[in-house]
Amino acid sequence: MIRIWLSSLQLVELLISSWVHLLYGFYIFSTAIRYDLSQYFKHNKKVKVEVNDVSHLQNSLFDDLPPIVLVHGIFGFGQGRLGGLSYFAGAEKKDERVLVPDLGSLTSIYDRYVDYGEEHSKACGHSQLGRVYDQGNYPQWDEDHPIHFVGHSAGAQVVRALQQMLADKAFKGYETNPNWVLSITSLSGAFNGTTRTYFDGMQPEDGRTMKPICLLQLCRLGVIIYDWFDIPWLKAYYNFGFDHFNMSWRKMGVWGLVDCLLGNAGPFASGDWILPDLAIQGSLRLNSHIKTFPDTYYFSYATKRTRQFMGVTVPSGILGIHPLLFIRVLQMSQWSHPPDVPPPFKGYRDEDWWDNDGALNTISMMYPRFPIEHPHRLVTNDSDCQPLQPGIWYYKIIEGDHILFIVNRERAGVQFDLVYDSIFERCRKHAFRKNPQTLPNQAQHTVVS
């Protein structure tokens with residue numbers, strides 16, 4: 001009787017979670033369309049005013065600044081996707097040298113680059129090359145022209161993996177090294193995995209396979225069908241990033257679709273997608289070979305939406321947590337690793353993982369710490385860590401859920417500006433290898449005076 005009641009409760013939770021996620025997806029999609037339509041009618045009614053002469057005067061000054069690259073997380077999108085909607089809620093407008101690339105929203109950490117490698121591609125059953133570009137957005141990128149990276153959620157781990165690949169000289173034809181990366185800033189970064197993957201459907205035994213009935217199975221079916229129909233304008237608007245698996249009806253036909261739906265082919269069959277990388281086991285595999293480098297600056301913002309109440313970890317309020325995340329905040333704060341399953345690593349304790357932001361555990365967002373702790377320092381006030389030292393993960397714990405600082409800036413209010421202003425100021429004024437950078441407004445002021 002108890003087993004039947006628990007199964008019924010799980011089905012109700014699955015139904016509610018599915019509807020909440022589906023409604024939120026439609027909300028984002030409709031918001032993007034509404035914004036595009038408003039911009040279309042707005043520009044058709046107004047007279048264009050040429051102001052290019054001012055920007056031309058500034059271009060040479062801005063060209064000397066290292067770009068700041070914003071890297072989105074799971075289900076995210078870059079500039080040009082979802083019309084005019086900004087994943088980083090317009091934060092990219094705070095600086096003149098910001099790039100927001102579009103990466104696969106569900107692809108694995110390894111598959112977010114152009115060349116996936118011959119061995120990996122054969123093992124996972126997809127093409128070796130992704131999208132091919134005639135020229136990159138920053139063709140002069142090298143050790144003498146390094147880049148600042150800011151990654152949200154899984155995007156932080158993507159950037160760490162990229163730096164390790166640069167150190168390993170994984171890109172044929174290029175003499176790379178880790179100093180191509182000047183700084184990495186993590187905003188709610190997925191360094192050490194998350195227990196949420198198990199609530200969503202990953203098996204805690206291995207962190208790679210899915211439960212037969214779960215939220216991730218519904219996601220899997222939706223993604224396969226979306227990619228199989230391969231509607232050009234829709235794929236241009238939003239793309240899950242699985243084009244290299246050739247799941248279009250034009251390439252695999254009906255029987256190929258059936259094969260994917262049955263779990264015999266595609267990214268979900270091989271485990272070559274983002275969720276296995278976000279499980280604790282997957283993060284341990286990644287962290288076992290990703291290093292922290294001595295000449296790069298590192299900073300991390302860890303978010304939490306829980307507090308202690310009479311010795312119990314509970315959500316810190318109701319109204320401040322996004323409806324998409326409230327159930328998960330509650331569930332993750334009560335997480336208990338199955339007693340019949342070996343713990344993911346030696347020294348694992350459930351209570352260490354209870355504080356969370358609805359998507360990631362706070363302990364996971366601080367700094368890379370499993371299986372080996374990387375150099376780190378807790379920051380209370382930004383002034384406490386100046387001057388910054390490279391090779392150390394400075395981390396700060398702030399109150400907020402996992403999506404507080406993306407998509408909708410009104411939710412974060414003043415805190416949105418405080419966080420992003422500190423990130424950009426740190427990149428421009430405190431993270432440099434040679435001489436302090438001369439900002440365009442400073443250079444212009446010197447000329448005028």
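Just so it is clear, the structure is predicted and the values come from calculations on it, not from any experiment.

Student: Sorry if this is basic, but what is going on with the overall build of the chain here?
Tutor: The number of helices and strands found in the chain is 16 helices and nine strands. In the chain, which comprises 449 residues, the proportion classed as buried is 51%. Sequence-distant contacts in the chain: of pairs separated by 6 or more residues, those separated by 24 or more amount to 71%. Total accessible area computed for the chain in this model is approximately 23,000 Å², and 60% of it derives from carbon and sulfur atoms.

Student: In this structure, what is going on with the environment of Y110? I would like to understand it.
Tutor: In this fold, Y110 is placed in the loop between β2 (98–99) and α3 (118–124). Y110 sits in the partly exposed class, given a relative accessible area of 37%. For the pair Y110 and A161, spaced 51 residues apart in sequence, the C-alpha to C-alpha distance is 7.7 Å.

Student: Got a minute to help me understand the nonpolar core in this structure?
Tutor: L82, F149, F242, W273, I274, F405 and Y420 are the most contacted members of the largest nonpolar core, which totals 103 residues. Looking at this core, the element that brings in the most residues is helix α4 (residues 154–167), giving seven residues. In contact with F242, other than residues within four places in its own chain, are L106, T107, V223, D227, M247, P267, F268, D272 and W273.

Student: It is not clear to me how a nonpolar patch on the surface should be interpreted in this structure. Could you clarify?
Tutor: A grouping of L15, W19, L22, L23 and F26 is seen on the molecular surface, where their side chains present a nonpolar patch of about 570 Å² in accessible area. Given the relative accessible area of 44%, L22 is considered partly exposed.

Student: How do you make sense of the pairing of strand β4 (residues 181–187) when you look at a structure like this?
Tutor: The side chains of a regular strand alternate between both faces of the sheet. Of all seven residues making up β4, seven are buried, and the element is well covered by its neighbours. Between strand β3 (residues 147–152) and its parallel partner β4, the chain crosses via α4, and the hand of that crossover is right-handed. For β4 and strand β5 (residues 297–304), the ladder comprises five bridges, and the chain directions are parallel. Of the residues in β5, the one forming a bridge with I184 is Y298.

Student: Quick question: what am I supposed to make of the confidence of the model for the chain here?
Tutor: A low pLDDT score tells you not to read the predicted coordinates there in detail. The pLDDT averaged across the chain works out to 88; a share of 86% of its residues lies at or above 70. Counting contacts from residues 440–449, a segment whose pLDDT is below 50, to residues more than four positions away or on other chains yields eight contacts.

Student: Would you explain helix α15 (residues 414–430) in this entry?
Tutor: It helps to recall that an α-helix has 3.6 residues per turn; residues three or four apart then point in one direction. With 17 residues, α15 ought to run about 24 Å at 1.5 Å a step, and its terminal C-alpha atoms sit 23 Å apart, in line with that. Those residues of α15 that fall on the buried side of the exposure criterion are F416, V419, Y420, S422, I423, F424, R426, C427 and R428.

Student: Got a minute to help me understand the sheet that holds β2 in this structure?
Tutor: Sheets are built from strands that pair by backbone hydrogen bonding, the pairs being arranged parallel or antiparallel. If you trace the seven strands from one edge of the open sheet to the other, you get β2-β1-β3-β4-β5-β9-β8, paired in parallel fashion. Edge positions in the open sheet fall to β2 and β8 (376–378), since each of these has one partner strand only. On the sheet, α4 packs against β1 (68–71), β3, β4, β5 and β9 (393–399) and is oriented at approximately 145° with respect to β3. Sheet contacts for α15: β1, β2, β3, β4, β5 and β9; angle to β5, the most-contacted strand, approximately 170°.

Student: Looking at this structure, how should I read the packing of helix α6 (residues 215–229) against helix α8 (residues 249–261)?
Tutor: With their axes 9 Å apart at the nearest point, α6 and α8 run at an angle of 165° to one another. With respect to their mutual orientation, α6 and α8 come out roughly antiparallel. The two elements α6 and α8 meet at a crossing, and its hand is left-handed. Contacts from R220, L221, I224, I225, W228 and F229 of α6 reach α8 at W249, M252, G253, V254, L257, C260 and L261. In terms of residue class, the contact of α6 with α8 is made up of 11 nonpolar, one polar and one charged.

Student: How should I be thinking about the pattern of salt bridges in this particular structure?
Tutor: Side-chain pairs of opposite charge can arise where the charged atoms are in close proximity. Using the criterion set out here, one finds 20 salt bridges in the structure. R196 serves as the salt-bridge partner of D200, at 2.8 Å between the closest nitrogen and oxygen. With D200 and R196 both in helix α5 (residues 196–200) and four residues apart, the pair spans about one turn of that helix. There is no split in this pair, since D200 and R196 are both buried. For E351, the salt bridge goes to R349, with nearest N and O atoms at 3.6 Å. The exposure class assigned to R349 is partly exposed, which follows from its relative accessible area of 44%.

Calculation rules
- Residues numbered from 1 in each chain as written.
- Predicted model: local features only at pLDDT ≥ 70, side-chain atom pairs only at ≥ 80, totals over all residues.
- Heavy atoms only, no water.
- Helix = DSSP H or I, 4+ residues; strand = E, 2+ residues; numbered from the N terminus.
- Buried < 20%, exposed > 50% of the residue type's maximum accessible area, 1.4 Å probe, protein only.
- Contact = heavy atoms within 4.5 Å.
- Areas by Shrake-Rupley, 256 points an atom, 1.4 Å probe, with all protein chains shown as cover.
- Core = buried A, V, L, I, M, F, W, Y, C linked by side-chain atoms within 4.5 Å.
- Patch = residues over 30% accessible without salt bridge, like charges linked within 9 Å, V, L, I, M, F, W, Y side chains within 5 Å.
- Salt bridge = Lys/Arg side-chain N within 4 Å of Asp/Glu carboxyl O.
- Right-handed = clockwise from strand over helix to strand, strands pointing away.
- Pairing = 2+ DSSP bridges.
- pLDDT = per-residue confidence, 0-100.
- Expected span 1.5 Å × (residues − 1).
- Axes fitted to C-alpha atoms, helices over the stretch in contact; angles between N-to-C directions.
- Parallel < 35°, antiparallel > 145°, perpendicular 65-115°, else oblique.
- Left-handed = near helix turned anticlockwise from the far one by under 90°.
- Nonpolar A, V, L, I, M, F, W, Y, C, P; charged D, E, K, R; others polar.

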